[in-house]
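# Close look at the chain arrangement
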Amino acid sequence: MTWLTHPANDFAQVFSLRTNLYNDYRLFEAALEKQLDQRLMWVCKARCAQLHHCIMDGELKRTLGDDLIAALPQWYNDPRFSALEKSALQLAECFCLDPHSISDDMAAAVVAHLGDAGLVALLEFLALCDGFARFRAILNIEEAA
């Protein structure tokens, strides 16, 4: 049950109640999509949702598939995840659980694949994933399907 009094029931509907903020969010997310591979973004977003026990949207589930989503908690042992994805997922877990645990070696592993600008883009994306997963969990809402 959500404690919102507005009939909005998914992330887009709730966030769009503040149109100016939602539009800025969408612009920022679109800029990150130009820097990062879409699958990389999807797996990081899904892992953040899992870590915060929030509802994943239908599009995310359809895109990645139930098997890959189920494999995310053991990403480090699964050959379906690339070296870049494994480096990014390690950052995602640390970012969500204890950002101070991100080491220079972890950052360097991402830089080796994406460069410095890619690391910054990934960290900004993880900030969005982490923050909005928490937001959805608190409000007990899901992303739009």
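Before any of the text, the structure's been laid out above.
Bear in mind the structure is a predicted one, so any value in this text is a computation, not a measurement.

A positive phi is found at histidine 53, a non-glycine position, where the angle reads about 55°. The topology assignment puts histidine 53 in the loop between helix H3 (38-51) and helix H4 (58-64). Residue class for histidine 53 comes out exposed when judged on its relative accessible area of 73%.

A separate point is the packing of aromatic side chains. Using the criterion set out here, one finds four aromatic pairs in the structure. An angle of 25° between the planes, with centres 6.1 Å apart, marks the rings of tyrosine 22 and tyrosine 25 as stacked. Taken together, the positions of tyrosine 22 and tyrosine 25, both in helix H2 (residues 19-35) and three residues apart, correspond to about one turn of that helix. Each member of the pair, tyrosine 22 as well as tyrosine 25, carries the same accessibility label: buried.

Before going further, it helps to examine the nonpolar core. Ranked by size, the top nonpolar core spans 32 residues in total, and within it Tyr25, Leu36, Cys44, Leu91, Leu122, Phe125 and Leu126 carry the most contacts. Those elements that provide at least two residues to this core are helix H1 (11-15), H2, H3, helix H6 (83-97) and helix H7 (104-139). Among the elements that take part in this core, H7 stands out by supplying twelve residues, more than any other. When sequence neighbours within four positions are dropped, the list of residues in contact with leucine 36 reads Met41, Leu114, Gly118, Ala121, Leu122 and Phe125.

The next subject is H3. Along its 14 residues, H3 runs 20 Å from first to last C-alpha, staying within 8% of the 20 Å computed at 1.5 Å per residue. For H3, the buried fraction is high: twelve of the 14 residues fall into the buried class. Residues of H3 that are buried: Leu40, Met41, Trp42, Val43, Cys44, Lys45, Ala46, Arg47, Cys48, Ala49, Gln50 and Leu51. Against H2, H4, helix H5 (66-71), H6 and H7 lie the buried residues of H3. Structurally, the start of H3 carries an N-cap: the backbone nitrogen of arginine 39 is 3.1 Å from a side-chain oxygen of aspartate 37. Residue histidine 53 follows H3 closely and has a positive phi angle near 55°.

Remark: H6 packs on H7, axes separated minimally by 9 Å, with the N-to-C direction vectors making an angle of 45°. The angle between the axes of H6 and H7 places the two elements in the oblique class. Crossing angle aside, the handedness with which H6 passes H7 is right-handed. Tallied by class, the residues present in the contact of H6 with H7 amount to 18 nonpolar, three polar and two charged.

Their axes nearest at 9 Å, the elements H3 and H6 cross at an angle of 35°. H3 and H6 meet at a crossing whose hand is right-handed. From H3, Arg39, Leu40, Val43, Cys44, Arg47, Cys48 and Leu51 reach across to H6, where they touch Leu84, Glu85, Ala88, Leu89, Ala92, Glu93, Cys96 and Leu97. Of the residues assigned to the contact of H3 with H6, the class counts are eleven nonpolar, no polar and four charged.

The rules we used
- Residues numbered from 1 in each chain as written.
- Predicted model: local features only at pLDDT ≥ 70, side-chain atom pairs only at ≥ 80, totals over all residues.
- Heavy atoms only, no water.
- Helix = DSSP H or I, 4+ residues; strand = E, 2+ residues; numbered from the N terminus.
- Buried < 20%, exposed > 50% of the residue type's maximum accessible area, 1.4 Å probe, protein only.
- Phe/Tyr/Trp six-rings, centres within 6.5 Å; stacked < 30°, edge-to-face > 60°.
- Core = buried A, V, L, I, M, F, W, Y, C linked by side-chain atoms within 4.5 Å.
- Contact = heavy atoms within 4.5 Å.
- Expected span 1.5 Å × (residues − 1).
- Polar contact = N/O pair within 3.5 Å; in protein donor to acceptor, adjacent residues only side chain to side chain.
- Axes fitted to C-alpha atoms, helices over the stretch in contact; angles between N-to-C directions.
- Parallel < 35°, antiparallel > 145°, perpendicular 65-115°, else oblique.
- Left-handed = near helix turned anticlockwise from the far one by under 90°.
- Nonpolar A, V, L, I, M, F, W, Y, C, P; charged D, E, K, R; others polar.

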